[in-house]
Amino acid sequence: QAEERARQTLRRAESLAVALRYEKTLLTRVLGTIPHVVWWKNADLRYVGANTAFLTLRGVRSQAEIVGRLEGQLDTADELGPQIAALENQVVAAGEPVVDATVTLVPPGGEVRTILVSVLPNTEGGEVAGVIGIGADISQVTELERQLAQASRLESIGQLAAGIAHEINT
């Protein structure tokens, strides 16, 4: 009976391991395909992982280049690192999330990009065990807002000119 219980326990453990591998693969695929940047760090603010969009944005070739490293140890020359490090330190100190902070990134030889960043505490047992960061590139939205505001101003000027022309004709 003890051997049978041990076999059943082993089969259950193996089935749970298969299910866990499947879930991990699925989560990795989902995170890898979303267009938003996502990264996660431990309580010491060392990278544990990041998705493909984050690696591309930061100019990093693979996960192996960031895992286990602090922000200052990365071989990136962008302004994003110090800005997100400040937000992460704030989250770890207060234990409260920072939501929708605007971060500006100027890649060498590239155009200015605006990233909307949220950094959330990853808690375990009431303690901050790390942070999870999520960012969305809103550069196009910002440019569209600017163009819309300019079009609105031009429309107002047109209406004013039409009104003046009407008064002159009258």
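Below you will find a few notes about this structure. (Residues numbered from 1 in each chain as written. Predicted model: local features only at pLDDT ≥ 70, side-chain atom pairs only at ≥ 80, totals over all residues. Heavy atoms only, no water.)

Let us now look at the overall build of the chain. In terms of helices and strands, the chain carries four helices and five strands. Scaling as 2.2 N^0.38, a compact globule of 170 residues should have a C-alpha radius of gyration of about 15 Å, whereas the chain reaches 25 Å, well beyond that. Counting over 170 residues, the chain shows a buried share of 25%. Considering only contacts in the chain between residues 6 or more positions apart, those separated by 24 or more positions represent 36%. Within the structure as shown, the chain displays about 11,500 Å² of accessible surface, and the carbon and sulfur contribution to it stands at 58%. Averaged over its 15 positive side-chain charges, the chain has a centre that lies 12 Å from the centre of its 21 negative ones. (Helix = DSSP H or I, 4+ residues; strand = E, 2+ residues; numbered from the N terminus. Rg over C-alpha atoms; globule rule 2.2 N^0.38 Å. Buried < 20%, exposed > 50% of the residue type's maximum accessible area, 1.4 Å probe, protein only. Contact = heavy atoms within 4.5 Å. Areas by Shrake-Rupley, 256 points an atom, 1.4 Å probe, with all protein chains shown as cover. Lys, Arg positive; Asp, Glu negative; His and termini not counted. Charge placed at Lys NZ, Arg CZ, Asp CG, Glu CD.)

This next bit is on the sheet that holds strand β3 (residues 98–105). Ordered in space as β2-β1-β5-β4-β3, the five strands form an open sheet in which the pairing is antiparallel. Each edge of the sheet is formed by a strand with only one pairing partner; in this case those strands are β2 (47–50) and β3. Across the sheet, the axes of successive neighbouring strands diverge by a mean angle of 25 degrees, strand direction being ignored. In this structure, strand β1 (residues 37–42) lies alongside strand β5 (residues 127–137), joined through six bridges in antiparallel fashion. Opposite lysine 41, over in β5, you have valine 131 as the bridge partner. Packing against the sheet, helix α3 (residues 80–94) makes contact with β1, β2, β3, β4 (113–124) and β5, and its axis sits at approximately 165 degrees to β3. (Pairing = 2+ DSSP bridges. Axes fitted to C-alpha atoms, helices over the stretch in contact; angles between N-to-C directions.)

Quick look at empty space enclosed by the protein now. Applying the stated criterion to the full structure yields one cavity of 30 Å³ or more. In terms of lining residues, the largest cavity is bounded by Gly59, Val60, Glu65, Ile66, Arg69, Leu74, Asp75 and Thr76. Within the lining of the largest cavity, the residues separate by chemical class into three nonpolar, two polar and three charged. (1 Å grid on protein atoms, 1.4 Å probe; cavity = no way out; pocket = protein on both sides within 12 Å on 5 of 7 lines; lining within 4 Å. Points joined across faces, edges and corners; volume = space filled by probe spheres on them. Nonpolar A, V, L, I, M, F, W, Y, C, P; charged D, E, K, R; others polar.)

Overall, the coordinates contain two aromatic pairs when judged by the stated rule. An aromatic cluster of three or more residues is present, and its members are Trp39, Tyr47 and Phe54. Against the face of tyrosine 47 rests lysine 41, its NZ or CZ located 4.2 Å from the ring centre. (Phe/Tyr/Trp six-rings, centres within 6.5 Å; stacked < 30°, edge-to-face > 60°. Lys NZ or Arg CZ within 6 Å of the ring centre and 35° of its normal.)

Turning to a nonpolar patch on the surface, a few remarks are in order. A cluster of nonpolar side chains, namely Tyr22, Leu26 and Val30, defines an oily patch on the protein surface of about 290 Å² accessible area. Following the sequence through the fold, valine 30 ends up in helix α1 (residues 2–33). Taking the relative accessible area as the measure of exposure, valine 30 reaches 43% and is therefore partly exposed. (Patch = residues over 30% accessible without salt bridge, like charges linked within 9 Å, V, L, I, M, F, W, Y side chains within 5 Å. Salt bridge = Lys/Arg side-chain N within 4 Å of Asp/Glu carboxyl O.)

What follows covers the layout of surface pockets. In this structure, the largest pocket occupies an estimated 360 Å³ of space. Put simply, the parts of the chain that give the lining of the largest pocket at least two residues each are α1, β1, β2, α2 (52–58), β4 and β5. In terms of residue count, the dominant contributor to the lining of the largest pocket is α1 (five residues). Partitioned by chemical class, the residues of the lining of the largest pocket number nine nonpolar, seven polar and three charged.

Function cannot be read off these values alone, since they describe shape.
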